[in-house]
Amino acid sequence: MSEKITFAPISYTGWGSLSHLLDEVARFDAKKILVITDPFLKDIGLTNKIVDPLESAGYQTEIYTDVVPEPPLAIGEKLVAYTRDNQFDMVIGLGGGSALDLTKLAAVLAVHEGKVEEYLNLTGTKQISKKGLPKILIPTTSGTGSEVTNISVLSLETTKDVVTHDYLLADVAIVDPALTVSLPPKVTAATGIDALTHAVESYISKNASTVTDALALQAIRLISNAIRTAVSNGEDKQARIDMSYGSYLAGLAFFNAGVAGVHALAYPIGGQFHIAHGDSNAVLLPYVMGYIRQSCEKRMKDIYDAMGFSSTNLSQEEASYRCVAELKRLVEDVNIPSSLKGFNITEDALESLTKDAVEQKRLLARSPMPLLKEDIYAIYKASFDGKIVEKQ
Ligand code: NAD
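So, here's what we can say about the structure. (Residues numbered from 1 in each chain as written. Predicted model: local features only at pLDDT ≥ 70, side-chain atom pairs only at ≥ 80, totals over all residues. Heavy atoms only, no water.)

The next point concerns the site of the ligand. Taken together, 30 residues are adjacent to the ligand, and Gly 97, Ser 98, Asp 101, Thr 140 and Thr 149 come closest. Contacts to the ligand include Asp 38, whose side-chain N or O atom sits 2.9 Å from an oxygen atom. Take Ile 151: an N or O atom from its main chain is 2.9 Å from a nitrogen atom of the ligand. When the free accessible area of the ligand is taken as 880 Å², the share hidden by the protein chains comes to 92%. Classifying every residue of the shell around the ligand gives 12 nonpolar, 12 polar and 6 charged. Among the domains, domain 1 (10–180) and domain 2 (185–385) are the pair contributing at least three residues each to the shell around the ligand. (Near = heavy atom within 4 Å. Polar contact = N/O pair within 3.5 Å; in protein donor to acceptor, adjacent residues only side chain to side chain. Areas by Shrake-Rupley, 256 points an atom, 1.4 Å probe, with all protein chains shown as cover. Nonpolar A, V, L, I, M, F, W, Y, C, P; charged D, E, K, R; others polar. Domains from an automatic or database assignment.)

This is the structure we're talking about:
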């Protein structure tokens with residue numbers, strides 16, 4: 001069976017890789033550049049690391065900071081309208097997934113007509129047909145992998161949806177762990193578990209391949225080993241480097257293999273309760289994996305080993321049980337509540353969460369175990385109770 005693998009054309013990775021920015025910008029015939037970032041990153045001076053060298057090199061830059069975490073559709077509409085009204089030659093996204101997703105959207109939809117809403121995956125009617133402005137994506141979190149995916153996620157009233165097309169891929173991704181040192185522990189934990197979830201879900205995805213398996217397992221190794229240190233001591237250079245590579249590899253893996261049940265159930269939590277994407281994934285990861293364990297025992301044994309444990313003297317079944325337990329322990333160790341109750345979500349919300357999660361058919365289709373409405377409810381209930389349950 002042949003497999004299609006798509007990567008963003010150019011990536012720079014590693015400590016100090018931001019030094020390649022000017023050379024890369026010079027490849028495009030750009031004079032006026034829009035830098036899209038969030039206001040906090042501007043306040044702490046991270047944006048200067050991009051804008052100062054560009055200005056010194058003679059580029060005209062404008063900084064756009066109307067970016068919020070988990071951006072709602074309206075923020076996307078506003079930015080796209082802005083890029084249509086003002087003629088930019090290039091866009092550079094600096095930030096977490098929220099800023100990067102908006103950058104991709106702006107770059108492509110700047111040259112299209114109609115509302116962003118009309119390009120949404122679940123309900124949209126319009127097709128993307130043009131590549132748009134050149135874009136460079138520079139992540140400042142080690143989490144989403146947005147710098148190497150063709151997806152832009154937007155929050156809707158009660159759930160999330162995506163705009164997706166290969167034209168949303170970055171022309172250049174610059175993944176410099178030095179930019180992540182200022183991340184506070186809570187964001188390091190949430191974004192790190194997001195990246196781990198990408199790797200785990202890619203590895204068990206029905207669309208997993210030899211290439212994505214290699215990417216996913218190495219991401220699991222790096223993240224599982226580094227995340228506790230990155231959270232407890234953000235200055236630890238090696239932990240930041242490992243998290244950065246881990247999230248980059250996990251991004252490449254899930255872009256090609258896809259994510260599944262955890263993300264399908266996380267979107268409504270993010271949409272309805274405005275909980276950070278990484279936290280929504282974290283509060284579901286052990287419960288989804290526990291529920292579907294029987295459908296991917298062998299793969300969970302591999303994940304257990306990649307997490308740094310040894311399954312040598314264990315049956316496949318026992319290793320898969322331990323894998324679920326270790327995923328739960330990891331979430332708890334980085335101080336993320338491991339139950340929906342911990343996020344003040346009440347039991348009466350489980351029905352409406354289930355109703356929205358059922359709609360995420362694109363994601364659910366990749367689960368190694370089919371997840372029907374009653375399964376989805378059972379997983380939310382397990383997370384609510386903080387107790388792993390299996391499919392009966
Ligand atoms: P984020 O971009 O929302 O940022 C979270 C917080 O961290 C913000 O307050 C931000 O100011 C702060 N922050 C970012 N970098 C920092 C730094 N270096 N130092 C200090 N503070 C910093 O968080 P995220 O988890 O990276 O992105 C979440 C968004 O990405 C969600 O909308 C999610 O749905 C989306 N997402 C997209 C993809 C994709 O493939 N496109 C994949 C997963 C998630």
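Within an α-helix, residues lying three or four positions from one another point in the same direction, as the helix has 3.6 residues per turn. Relative to the 18 Å expected for 13 residues at 1.5 Å per residue, helix α5 (residues 97–109) spans 18 Å between its end C-alpha atoms, a close match to the ideal helical length. Burial analysis of α5 places 13 of its 13 residues in the buried class, which makes it a mostly covered element. (Helix = DSSP H or I, 4+ residues; strand = E, 2+ residues; numbered from the N terminus. Expected span 1.5 Å × (residues − 1). Buried < 20%, exposed > 50% of the residue type's maximum accessible area, 1.4 Å probe, protein only.)

Turning to unusual backbone geometry, a few remarks are in order. Not every positive phi belongs to a glycine, and His 274 is a case in point at roughly 50 degrees. With respect to the helices and strands, His 274 occurs in the loop between α9 (261–273) and α10 (277–282). Here Asn 335, not a glycine, exhibits a phi torsion of approximately 65 degrees, which is positive. By secondary structure assignment, the location of Asn 335 is in the loop between α13 (316–333) and α14 (350–357). The exposure class assigned to Asn 335 is exposed, which follows from its relative accessible area of 63%.

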